[in-house]
Amino acid sequence: MKRFQFPLETVRRWRLERVGIEESKLRQILAEKQKLVATKAQIQRELAQALQQVIGQSSMQPLELESLDSFRLYVGGRVRDLESQERQCEAKIVEQRNQLLEARRQFELLERLREKAMTEWRAAGAKEQEDLAAELFLAKSIRERNRARSANPRS
C-alpha cells in the first residue's frame, strides 16, 4: 500500500503557521494594552503621592499648590490619552481575535479534511489487506484441492 499523502498538506501547514502568527499578534496587542494600564496606574500613583506629600506639610506655599494643580491637570490629560489608547487597543484586540478565529476555522477545516482522507486511506488499506488475505486463502484452498486430487486419482 502506498504512503498516505494529503494533497492540501502544504496549505494546511501554511494555515497552521498563520494561526501562530495571528496568536503572536494578539499577544503583542494584549501586552501593549497591559503596558498602557500599568503606565496609567503608575501616573495615578505618582499623583496620589504628590497629593499626600503636599497635604502632609504643615504649611503650603501658593507656588506648591499651583504646581500640584498643574501636575493634577497634566495627569488628568495623560490618563485620558492613555484611556483613549486603551480603547483603541481593545478595538484592535477584538479585530485580532476575529482574525485569529478565522485563521483557526480555516486550519480546522483542512484538518478535518485531512482526518477524513486519512480515515478513508486506512479503510482502503484494510480492504486491500482483506482482499489480499482472501486471495491467498483462495489460492491455498485451490492448491490443497489440486494436491488432494493428484494424491487420490479417481481412475
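Right above here is the structure, for reference.
Residues numbered from 1 in each chain as written. Predicted model: local features only at pLDDT ≥ 70, side-chain atom pairs only at ≥ 80, totals over all residues. Heavy atoms only, no water.

(A) View of the pattern of salt bridges. Enumeration over the complete set of coordinates arrives at 14 salt bridges. For Arg 12, the salt bridge goes to Glu 9, with nearest N and O atoms at 2.8 Å. With Arg 12 and Glu 9 both in helix 1 (residues 9–55) and 3 residues apart, this pair spans about one turn of that helix. Side by side, Arg 12 and Glu 9 carry an identical accessibility label, which is buried. (Salt bridge = Lys/Arg side-chain N within 4 Å of Asp/Glu carboxyl O. Helix = DSSP H or I, 4+ residues; strand = E, 2+ residues; numbered from the N terminus. Buried < 20%, exposed > 50% of the residue type's maximum accessible area, 1.4 Å probe, protein only.)

(B) Seen up close, the environment of Ala 103. Along the chain, Ala 103 turns up in helix 2 (residues 62–151). With relative accessibility at 1%, the residue Ala 103 sits in the buried group. In this structure, Ala 103 is in contact with Arg 18, Val 19 and Glu 22, ignoring residues within four places of it in sequence. (Contact = heavy atoms within 4.5 Å.)

(C) Main features of the side chain of Glu 86. Mapped onto the elements, Glu 86 comes out in helix 2. By relative accessible area, which is 10% here, Glu 86 ends up buried. In this view, Glu 86 contacts Lys 33, Leu 36, Val 37 and Lys 40; residues no more than four positions away in its chain are not counted.

(D) A look at the packing of aromatic side chains. The full count for this structure, using the stated rule, is 2 aromatic pairs. Taking 6.3 Å as the distance between ring centres and 25° as the angle between the ring planes, the aromatic pair formed by Phe 71 and Tyr 74 counts as stacked. Residue Phe 71 and its partner Tyr 74 are both found in helix 2; the two are separated by 3 residues, about one turn of the helix. A relative accessible area of 27% means that Phe 71 is categorised as partly exposed. For Tyr 74, a relative accessible area of 48% translates into the label partly exposed. (Phe/Tyr/Trp six-rings, centres within 6.5 Å; stacked < 30°, edge-to-face > 60°.)

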